[in-house]
Amino acid sequence: MKKILFAFVVLISISTLSGCEKYTDIQPKGKNLLNSANDLDQLLNHLYAGGAFQNYDKASVVVNDIYGQIVNVPNTISGPNSLRKILLTYDEAGNRADFTLTDGVYDGLYLIINRVANVVLENAETASGDPNVLKELKAEAYVVRAYMHYLLVNYFAKAYDPATAATDGGIPYVTKIELEAINSKNTVKEVYEKMLADIESALALNALRAQPQSSMRVGKGFAYAVKARILLSMRDYNGVLEATNQALAFNSTLEDHRPLLSLPRAGRTPTRIGVSAPDNLFYAYNGKIWPILFHPTAEILNNVYEPGNIFKDSTNVYGPSPFTGLPGAVYWTSASYEQNSGGLNTSHLYLAKAEALIRTNKIPEGMDLINQIRIRRIAPYAPLVATTEAQAMAHLQRTSRIEYLYTWYNFIDIKRWNREGTYPTTIVRKVNNVSYTLQPGSPIWIFPFPISATQFNPTLTQNY
Amino acid sequence: MGIDFNLFNHRLRGTLDYYNRVGTDLFARKRLDPSSGFSSMVINNAGMKNTGFELSLGFEWIRSESQNGLRWSSTLNAAYNKNRITYVDQTVTNPFVLVDAGGFVTGDPVRSIYSFPFAGLDSTGLPEFFQPNGTRTKQQLNTINSVIFSGSVDPKYNAALNNEVSFKGFSLNVYAVYYGGHYFRGRPAPVPLQSIGFQALPNYLLDSWTPTNTNTDVQGNGKFYQFSGAGLTQYQFADILVRPADFIKVRNIVLGYDLPRNITSKIKANNIRLRFQVNNPKALWTKQDHDYYDPETGIMPIPASYIIGINTKF
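Since the structure is predicted, the reported quantities are computational estimates derived from the model, not experimental observations.

Take the confidence of the model for chain B next. Residues of chain B with pLDDT of at least 70 account for 100%, and the chain-wide mean is 86. In the predicted complex, the global pTM is 0.74; the interface-specific ipTM is 0.73.

Written out as structure tokens, the structure reads:
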């Protein structure tokens, strides 16, 4: 008996003390193990919000939409050197990389790419559950991965130029979670090809819903909208037309500002419930109730807003601001307008389609789309007409500048047009009679990779 | 490695140990390229080295054969420890986080104080700090290499000495300790006051900067008050506020008297012991005069207590 017991103990010792694995094999109870369709579905219920979609302090300042949220502009400019000062004064000599220890956009978007999209794509093959649900989840993940890379490549690299994209430095296109591997930087061309390939993979699965489960989940409309944005950046206007037409079949509802006019003047507060707004294709934001406290620049207020803009001229949304230290400054006062600052709306489709039409010599059709937005924004309304492509593009640029105000897309689009060179914008910011100029080809249009990334990834040379 | 010894007819007993303990593959945070989706992970990624001596001595100065004879013996325990991190991924890159919350730096002890190098007040009374290149600045120091090491919180040396004297029923026991080689933020930052009201005021105001009193590190107050912005925040963590925390303290003194048997037997007691004890009297010695905080507690000293007692056994 004793012998048996002894042998038993030895056996247990051998089986339990037989050396450590690098990673534990024990499956914790009650945790999401990401091995069933339901687990992966929960993972895709991500809150697309916060620092990953940061634009108020960087991209929107560069493009001169705003001075920032609460920023005393003269004090910042006369104060010690800082990233904010460099961006406000367009100081090309200022070493922005030194001030970028970390970058919320870089960390946040790659977090989504890996911890949401790549996890789903890696685990969906082996996960248990309804194969059709798994197909849908995979398709969603492909679109999420493509879209987050789209924001990243437009933020950290030059805009796409067919002539140089094969050699322009881009960003790492990350398709696999490998903690200790170096994700090499791809060229701009490679990044765009991979984004398109991901969208095609998503569409080929033919599993996305016509209407997504929520505004932070992917439906067919958003998949085609991302494709349209990628192709717009690649200047494939026929492709944009096709993709926008497909997307508009799922959602073509535009936000309408005219109902505000029927309210008494004092009650006209722009309101948008972010998650349920009907014009969302995909909802992502930096701050939930933003653009509250955003300070539009004098140039936006005086030169870009069309006369009769309902928000600006017929509501109380802008109030005088004591914060910027500039005469005549105003700020957005409404806390009930939850803007979609990082995702895509139907208006992105209208404007992308309009540009594609204008550029393929269908100017009246393009102007019609622009006017469909304008009629909902401007009172009294008069349609704009154009006879040449240049006139039409000028109208489009002005309309989209206000449509995309306080979001990522003025930065992305003006950078795109500047790179193309046909309709460039030289941005001039005047502060207390001093003019600061941002040339179309300035390196300021490309944000530096953060030190937290460059110190570990030797392939991440700056793209400017 | 150690030796035990017993000398002079058992009068001197002692042990001496030397150790050199190297820890490797300790758990620590390692930073990653954020494009992996994670900015850091906890893995076996740190090393630490502890080197030191431990000494224990006992010596009988006076021995006595009889119960009531004079005896005097002492014991001394002393230790020296040097602790340093041999390798770690320095995850703290923000100088304010390092000075405030601390962090691990290769080559320094585990629990270290970091601070900003104070450069004195400028000609207008505003605090200045040294930048890494040696120039003075009133601005915020942004880089991690502008932070300097100001010593460890943990004592390098410690010692405890116990003395016992007894004679004819009287006994005296004195227990004293010494801690040394460590540092603490021993002085609060002299925050400048704009308006000085009728209230209890800090005494550093007496040495405030004025155009005629420029040899001071206290900023101007009242009519000479100036807002110093980043300088004030940095002053909280200035190196001049870090002070050596070395001290010698008597932990307790116990004076006892056992009443002789012929007295105790009158009340049918086996034993009566009178005792007078003092705990935590004022520090005997500190390396630097501490006007603000006690070097042991970091705040108020432990209050002294006096105990008088009678023990009887029937």
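Listed as interface residues are eleven residues of chain B and, on the opposing side, 19 residues of chain A. Taking both partners together, chain B and chain A bury about 1,400 Å²; carbon and sulfur atoms supply 60% of that area. The largest contributions to the chain B side of the interface with chain A come from B:D33, B:P34 and B:S35, which together make up 37% of the buried area. Where chain B packs against chain A, one counts zero salt bridges.

Inspection of the entire model under this criterion finds 35 salt bridges over all chains. For the salt bridge of B:E60 with B:R13, the shortest nitrogen-to-oxygen distance reads 3.5 Å. Here B:E60 is found in strand β3 (residues 40-62), whereas its partner B:R13 is found in strand β2 (residues 12-31), with 47 residues between them in sequence. The exposure class assigned to B:R13 is partly exposed, which follows from its relative accessible area of 37%. Overlapping salt bridges, with partners in common, bring together A:R229, A:E355, A:R359, A:D413, A:R416 and A:E420 in one network.

Right, let's talk about the side chain of B:S208 for a bit. Residue and element names in this part refer to chain B. The topology assignment puts S208 in the loop between β12 (183-185) and α2 (230-235). Owing to a relative accessible area of 11%, S208 belongs among the buried residues under this scheme. In terms of polar contacts, S208 uses its side chain to reach the side chain of N221, at 2.7 Å.

Residues and elements named next belong to chain B. Bridging between β2 and β3 involves 18 bridges; their strand directions are antiparallel. Counted as the bridge partner of R21 is N50 from β3. With 16 bridges joining them, β3 and strand β4 (residues 71-88) adopt antiparallel strand pairing. Within the sheet, the bridge partner assigned to N50 lies in β4 and is N83.

Interpretation of the predicted coordinates at a detailed level should be avoided for regions scoring low in pLDDT. Residue and element names in this part refer to chain A. The pLDDT averaged across chain A works out to 90; a share of 93% of its residues lies at or above 70. Across chain A, the secondary-structure element scoring lowest on mean pLDDT is helix α1 (residues 2-16), at 50, and the one scoring highest is helix α14 (residues 346-359), at 97. Here residues 9-22 scores under 50 on pLDDT; set against residues more than four positions off or in separate chains, the count is one contact.

Both trends apply: most residues other than glycine have a negative phi, and most peptide bonds are in trans. Residue and element names in this part refer to chain A. In this structure, the amide linkage connecting W290 to the following residue, P291, adopts the cis form with an omega of 20 degrees. Note that P291 resides in the loop between β1 (280-282) and α12 (298-304). Between A379 and the following residue, P380, the backbone shows a cis peptide bond with an omega angle of -5 degrees. Not every positive phi belongs to a glycine, and L293 is a case in point at roughly 70 degrees.

Thresholds applied
- Residues numbered from 1 in each chain as written.
- Chains lettered and ligands numbered in written order.
- Predicted model: local features only at pLDDT ≥ 70, side-chain atom pairs only at ≥ 80, totals over all residues.
- Heavy atoms only, no water.
- pLDDT = per-residue confidence, 0-100.
- Contact = heavy atoms within 4.5 Å.
- Buried area = accessible area lost by both parts, 1.4 Å probe.
- Salt bridge = Lys/Arg side-chain N within 4 Å of Asp/Glu carboxyl O.
- Helix = DSSP H or I, 4+ residues; strand = E, 2+ residues; numbered from the N terminus.
- Buried < 20%, exposed > 50% of the residue type's maximum accessible area, 1.4 Å probe, protein only.
- Polar contact = N/O pair within 3.5 Å; in protein donor to acceptor, adjacent residues only side chain to side chain.
- Pairing = 2+ DSSP bridges.

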